Each structure stands twice: as C-alpha cells, then as structure tokens.
Amino acid sequence: MTKLYIIRHAEAEGNLFRRIHGHYNSNVTHDGLKQIAALERRFQGEPIDVCYSSDLVRTRVTARAVYEPRDLPLRLEPGFREVYLGPWEDLPFGLLEREQRDQLTAFSHRPREWHVDGAEDFLVYQRRFLDTLERVAQWHDGKTVAIFTHGCVIRAMLEGLFPGQEAGHCDNTGVTLLEYDGGRYREIYRNDNSHVPENLSTFAKQNWWRKDRVRRDRNLWFRPLGNDPQWYVQCRREAWEGIYGPGSFHDGTAYYADAVGRAAGEPWAICQAMLGDEPAGLLQLDLNRGAERRVGYIPFLYLLPEYRRLGLGVQLIGQAVSFYRRLGRTHLELAVSPENPGAVRFYRRNGMTEAGTVAGAGKTLWLMDFNMDLNRDLEPALITV
C-alpha cells in the first residue's frame, strides 16, 4: 500500500492579486509563507519517505514544509502541474468576468464544460495528473509520499477517482490523504485546511468558491487611461489633499505632463483601474527610473475613497508586478509619506519593506521595496524525475 498526501500550494500571487495563473510561474505571498509554517507544524512527527512537487515555483516553495525538516530531496514532476490556461494566463479575473463570464463560471464550477482555444481541456489535464499519480503510487509501494500540486488538478483528480461525489474546492495548503493498493484508491479525507487559522485562510477572504455565495468578489480590470488629463489630475488632487489638507495641491497639469514623460510612450504605463463599468482608481508607472537596477518604479497608485478598504488596492500592485515582470524587472519600488499610516500598513501587510528614504515635495518619504524574485531565493536542491 502507498500512502499519498496531496497538498495544494500556499497562497500565491494569482490568489492575492486576483489574476488567473495556471503555468504562469508566480510567487508565494507574504501570508503564503505563514501558511507554509502552519503546514510544517501540521506534519511534525509524520513519517514521509518521498516528496514530489510540480515544477512551478509556488509548489516548490510550499514543499519546503515537508522535505526540509526531513532532509529529503525534492522530486520535480511536470505531470503534477496546474492546468495550462493558454490565452487566459495572467489575465485579471475582473477582465474575464466582464468579457467571458460564462466561461469563467464554468471554469470555477463546471470544469468539464470549460473550453478556451489554446488551453488544456478538463479531460486532458485530468488524464495527465491521474497517469502521473498512478506511476508515483506504483513506484513507491509501501512508502508514504507527499505531493505538492494545484487546485484545479486536485479537483479533477477527485472527480476522476471518486465519480458521483462533489469534489469541492481546496484552500491553499489544504491536504487530501489517499491510500493506493492493488490499483485501487481509498480516500481518508479531502481538502482539509484545519491547520490554517481563519485569519490566514485564503478562502476565508473570498467567495467565488462557495456554492451558496451571497456576495460576489470584487475584481478589477485595467485599461490604458489615454488622453484624459482631467481624470489624472482629479486623482492626484484627491490623494494630495487627503494627506496635506484642502487647497494644498497646485499645478495638476505639470503632474500630468510629467506622468506622460515617464510613460515613455507606453500606453499601459498610466492605466485606469475599473470595477465593472466604473472607474475605481489609477496606476502610474515609470519605465526609466530604476531600470538599470532591474527595478520597476510606481510613482502613483490611487483608489477613489468609495473603493477603499475593500481589498482592491493589492490588485493595483498585481497589475504593476505583471507589467514589470514581463520587462525582466525583479523589484518594485514606490515612495510613501510616513504621515499616511494607512498606506504604510497596507504596503507592509503585502510584503513590502522600507529600503531607505527619498526627498518628496518638502518632506522626507519612505522608499518601499517589493522583491518580485523573493521565492527564487528559497529554491531547494532539486531532482527532476
């Protein structure tokens, strides 16, 4: 008999930024690292003989909870990868809700009906995973195996092994335990996340996975601002006067001209954050500042007051990460006033750290840094199967 622990990766950027990631190689988040620590505590004292992972970073880093304390090698198996999403890779959920809502609903709740040209269909990725699982279970007869993998393929696995049962969705670092003997699987439990406190649970903050959900999640999409200095100046004025008081903002046209110059002709360097059909905020990027250090700089990001404290701000960070990562940048930087404690808390909560100070408009600002390559510093010694 082979004992198989099937474990979903910790919270990753797609889960937090609300972007759809299959083979897109995203990092584990700040809270995800805490989930990994909780997972390690769960498995303390549990004998594990072999540790496998998909070859994507978010599973490889999560697997540290098991292989490092036992000094095991990590075996990489591409067959345990998430579904390949083709043209959907790294798109914001808000954009898919707007343009392909029926397909997105099928993807989340009726995956057999989901189809996107260029992506893996359900039966393809289900067969890929099940064939790999069978091979691993046979290779390690009499052993206990930990397998680190992804949410969609876990659901497809359960539907394939136990037809007629509701597979459900698996929270980040959720654990399923199977036993394999003589070509047959027996389920001991599935999708158990009891080791994760509610304040760290990804699912506790989201509603898309609930069959009886009352509230919809709020997911942004983005579009280039274009030639709209009025909207840009409005956001700049509200942000400035919210910190320094009414009437303190001057010469908005100069700020807009500076933003256009920093954009260096890239339309996505000044983009509008949209919630449904309503403008909700603004993201401005500077393509030149820090480029020699592989830094992507954010001169300005803003949410209108009515859209704050709804969990949307981190999606602006996600848009910047997506844009700059394609340019080969490894860090994000932005400046924040220490007189804006809410913003400082937000950046710290989402993994940013103080990296020095810079001169602002008559004030000293804190420079905040976000390491987009953090997980690469956590890479283990690997065995590719």
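Our subject is the structure that appears above.
Below is a short write-up of the structure. Note that the structure is a prediction, hence the values are computed from the model and not measured.

### Focus: a positive patch on the surface
Working step 1: On the surface, Arg308, Arg309, Arg345 and Arg349 cluster together into a patch of positive charge.
Working step 2: Position of Arg349 among the secondary structure elements: in helix H12 (residues 341-349).
Working step 3: In this structure Arg349 comes out as exposed when scored by relative accessible area, which is 51%.

### Some details on the pattern of salt bridges
Working step 1: One pass over the full model with this rule turns up 25 salt bridges.
Working step 2: Across the pair Asp131 and Arg127 runs a salt bridge, and its minimum N-O distance is 2.9 Å. In this pair, Asp131 and Arg127 are both assigned in helix H7 (residues 122-139), 4 residues apart and thus about one turn of the helix distant.
Working step 3: When its relative accessible area of 44% is taken as the criterion, Arg127 is described as partly exposed.
Working step 4: When the shortest N-O distance is used, the salt bridge between Glu187 and Arg190 registers 2.5 Å.
Working step 5: For Glu187, a relative accessible area of 26% gives the class partly exposed.
Working step 6: Take Arg190: its relative accessible area is 18%, and that puts it in the buried class.
Working step 7: By sharing partners, the salt bridges in this structure join Glu11, Asp31, Lys34 and Lys205 into a single network.

### Some words on empty space enclosed by the protein
Working step 1: In this structure the tally under the stated criterion is 1 cavity of 30 Å³ or more.
Working step 2: A volume near 470 Å³ is recorded for the largest cavity.
Working step 3: Residue lining of the largest cavity: 30 residues in total, with Arg8, Glu82, Phe107, Cys152 and Trp208 positioned closest to the centre.
Working step 4: Of the residues forming the lining of the largest cavity, the biggest block, 3 residues, is contributed by helix H8 (residues 151-161).
Working step 5: Broken down by class, the residue content of the lining of the largest cavity amounts to 12 nonpolar, 12 polar and 6 charged.

### Let's talk about the sheet that holds strand E7 (residues 221-224)
Working step 1: Spatial strand order, E7-E8-E9-E10-E11-E13-E12: 7 strands in an open sheet with mixed pairing. The two strands at the open ends of the sheet, each matched to only one other strand, are E7 and strand E12 (353-359). Each neighbouring strand pair of the sheet contributes to a mean axis angle of 30°, computed without reference to strand direction.
Working step 2: Contacts between helix H10 (residues 252-263) and the sheet are confined to strand E8 (270-275), strand E9 (278-286) and strand E10 (295-303), with E9 contributing the most and set at about 60° to the helix.

### Remarks on helix H11 (residues 313-326)
Think of an α-helix as turning once every 3.6 residues; residues three or four places apart then point the same way.
Working step 1: Its 14 residues give H11 an end-to-end C-alpha distance of 21 Å, which sits within 8% of 20 Å, the value for a rise of 1.5 Å per residue.
Working step 2: Buried residues dominate H11, accounting for 13 of its 14 residues.
Working step 3: Of the residues one or two after H11, Gly328 is the one with positive phi, at around 85°.

### What about the side chain of Glu89?
Working step 1: Along the chain, Glu89 falls in the loop between strand E3 (74-76) and helix H5 (93-99).
Working step 2: For the buried Glu89, no salt bridge exists, and the shortest N-O distance to an oppositely charged side chain is 6.5 Å, to Arg58.
Working step 3: Only 3.1 Å separates the side chain of Glu89 from the backbone nitrogen of Tyr24, close enough to count as a polar contact.
Working step 4: When near neighbours in sequence (up to four residues on either side) are disregarded, Glu89 contacts Ile20, His21, Gly22, His23, Tyr24, Val83 and Tyr84.

### Some remarks on the packing of aromatic side chains
Geometrically, a pair of aromatic rings is defined through the distance of the ring centres and the angle of the planes.
Working step 1: Under the definition given, this model contains 17 aromatic pairs.
Working step 2: Look at Phe203 and Trp208: their rings are 5.8 Å apart centre to centre, the planes differ by 85°, and that puts the pair in the edge-to-face class.
Working step 3: On the basis of relative accessibility, which here comes to 6%, the residue Phe203 falls in the buried class.
Working step 4: Joined through ring pairs, the aromatic side chains of Tyr232, Tyr256, Phe300 and Tyr302 make up one cluster.
Working step 5: Sitting over the face of the ring of Phe300, Arg236 holds its NZ or CZ atom 4.2 Å from the ring centroid.
Working step 6: Cation over ring: Arg289 sits above Tyr297, and NZ or CZ is 3.9 Å from the ring centre.

Cut-off values and rules
Residues numbered from 1 in each chain as written. Predicted model: local features only at pLDDT ≥ 70, side-chain atom pairs only at ≥ 80, totals over all residues. Heavy atoms only, no water. Patch = residues over 30% accessible without salt bridge, like charges linked within 9 Å, V, L, I, M, F, W, Y side chains within 5 Å. Areas by Shrake-Rupley, 256 points an atom, 1.4 Å probe, with all protein chains shown as cover. Salt bridge = Lys/Arg side-chain N within 4 Å of Asp/Glu carboxyl O. Lys, Arg positive; Asp, Glu negative; His and termini not counted. Charge placed at Lys NZ, Arg CZ, Asp CG, Glu CD. Helix = DSSP H or I, 4+ residues; strand = E, 2+ residues; numbered from the N terminus. Buried < 20%, exposed > 50% of the residue type's maximum accessible area, 1.4 Å probe, protein only. 1 Å grid on protein atoms, 1.4 Å probe; cavity = no way out; pocket = protein on both sides within 12 Å on 5 of 7 lines; lining within 4 Å. Points joined across faces, edges and corners; volume = space filled by probe spheres on them. Nonpolar A, V, L, I, M, F, W, Y, C, P; charged D, E, K, R; others polar. Pairing = 2+ DSSP bridges. Axes fitted to C-alpha atoms, helices over the stretch in contact; angles between N-to-C directions. Contact = heavy atoms within 4.5 Å. Expected span 1.5 Å × (residues − 1). Polar contact = N/O pair within 3.5 Å; in protein donor to acceptor, adjacent residues only side chain to side chain. Phe/Tyr/Trp six-rings, centres within 6.5 Å; stacked < 30°, edge-to-face > 60°. Lys NZ or Arg CZ within 6 Å of the ring centre and 35° of its normal.

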